[in-house]
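The residues making up each chain are set out below.
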Amino acid sequence: MTFVVAIDGPAGSGKGTLAIGISKKFNFSYFDTGSLYRGLALQALDVHGENFTKNDVITLARNFSINSIDQESLRSSKIGKYSSIIASIPEVRSILIKIQRGFKEENLYQKGIVVDGRDIGTVIFPNANIKFFVSASIEERAKRRLIDFSERNEIISYNEVIKQLQKRDQRDKERSVAPLVAAEDAHLVDTTCINKEEALKIVSSLIIVELDDYMKINK
Ligand code: CDP
């Protein structure tokens, strides 16, 4: 049995940082599911250029292996945009479900896993032991993204980042399959006015309670 922490939220909300913090603190294995969509977008662009079709992506998804992803090139704004475009293709989502659920099977003998994305608490692991939906104001999220991009030497303006985030949020929330939405039983965490240590402290106290109960039951 593996304790599952599901974390969802929009771009720049701090969910990735929080997930990494949880994985280190509790010694849980971490899966950033956005890297699948980003990796597939990178492949589609490499193989077909910007005019790839839905069927091109579905074919690539069928043969997709997470090990083939070059992590370094995934975080650009261009890949962010195309990842959300391909993430709206229902067939792509259903192919990638297997890989994501497989992560739990691969970690069955670990203490726990922490998985972040857009549909983890709603679709991938609806029975997760604990769920968080992380959000922050668009201005704060844009500021954080701007720092990420400048660390990668990508030059982009604040206004352009705001525009990109708005477009991506809209695409992610309005798609027909697995839209970005908080699971009914998710704890809502607004990180607009708190730093990463404070956010980790808040979620950790909730995880500790849940994990304690879980350990008693599964002794
Ligand atoms: O790190 P950031 O929040 O900017 O994005 P990400 O988690 O790397 O995800 C990139 C894109 O992949 C998102 O905008 C979504 O369109 C898509 N995605 C998804 O649809 N479902 C997931 N579980 C994870 C990502």
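See the structure above.
Residues numbered from 1 in each chain as written. Predicted model: local features only at pLDDT ≥ 70, side-chain atom pairs only at ≥ 80, totals over all residues. Heavy atoms only, no water.

Turning our eyes to something else, we now look at the site of the ligand. Neighbouring residues of the ligand: 19 residues in total, closest K15, R38, R145, R168 and D172. Side-chain polar atom of R38 to an oxygen atom of the ligand: 2.6 Å apart, as the coordinates give it. R175 has a polar side-chain atom sitting 3.0 Å from an oxygen atom of the ligand. Expressed as a share of its isolated accessible area of 520 Å², the protein-covered part of the ligand is 98%. Elements that contribute at least two residues to the shell around the ligand include exactly helix 2 (34-48), helix 4 (77-86) and helix 8 (158-174). Looking at the shell around the ligand, the element that brings in the most residues is helix 2, giving three residues. (Near = heavy atom within 4 Å. Polar contact = N/O pair within 3.5 Å; in protein donor to acceptor, adjacent residues only side chain to side chain. Areas by Shrake-Rupley, 256 points an atom, 1.4 Å probe, with all protein chains shown as cover. Helix = DSSP H or I, 4+ residues; strand = E, 2+ residues; numbered from the N terminus.)

Bringing the pairing of strand 4 (residues 130-135) into the picture now. Where burial is concerned, most of strand 4 is hidden: five out of the six residues are buried. Of the pairings in the sheet, the one linking strand 1 (residues 3-8) to strand 4 comprises four bridges and is parallel in character. Bridge pairing in strand 4 links I7 to F132. Direction of pairing for strand 4 relative to strand 5 (residues 187-190): parallel, over a ladder of four bridges. Bridged to F132 within strand 5 is H187. (Buried < 20%, exposed > 50% of the residue type's maximum accessible area, 1.4 Å probe, protein only. Pairing = 2+ DSSP bridges.)

If you check helix 7 (residues 138-151), its first and last C-alpha atoms are 20 Å apart, about what 14 residues at 1.5 Å a residue would give, namely 20 Å. Every buried residue belonging to helix 7 is among I138, E140, R141, A142, R145 and F149, and all of these are buried. Against the buried residues of helix 7 lie helix 2, helix 4 and helix 8. One or two residues past the end of helix 7 sits N153, with phi positive at roughly 65°. (Expected span 1.5 Å × (residues − 1). Contact = heavy atoms within 4.5 Å.)

This model, assessed by the stated rule, comprises twelve salt bridges. Among the charged side chains, a network of salt bridges with common partners joins R118, D172 and R175. (Salt bridge = Lys/Arg side-chain N within 4 Å of Asp/Glu carboxyl O.)

With that settled, consider the sheet that holds strand 3 (residues 112-117). Ordered in space as 2-3-1-4-5, the five strands form an open sheet in which the pairing is parallel. Two strands close off the open sheet at either side, each with one partner strand: strand 2 (29-32) and strand 5. Across this sheet, the average inter-strand angle for adjacent strands is 20°, counted without regard to direction. Helix 1 (residues 15-26) contacts strand 1, strand 2, strand 3 and strand 4 of the sheet and is inclined by roughly 175° relative to strand 3. (Axes fitted to C-alpha atoms, helices over the stretch in contact; angles between N-to-C directions.)

With that settled, consider the environment of L206. Mapped onto the elements, L206 comes out in helix 9 (residues 196-217). As for L206 and N153, which are separated by 53 residues in sequence, their C-alpha atoms are 37 Å apart. In contact with L206, not counting residues within four places along its chain, are I130, F132 and H187.

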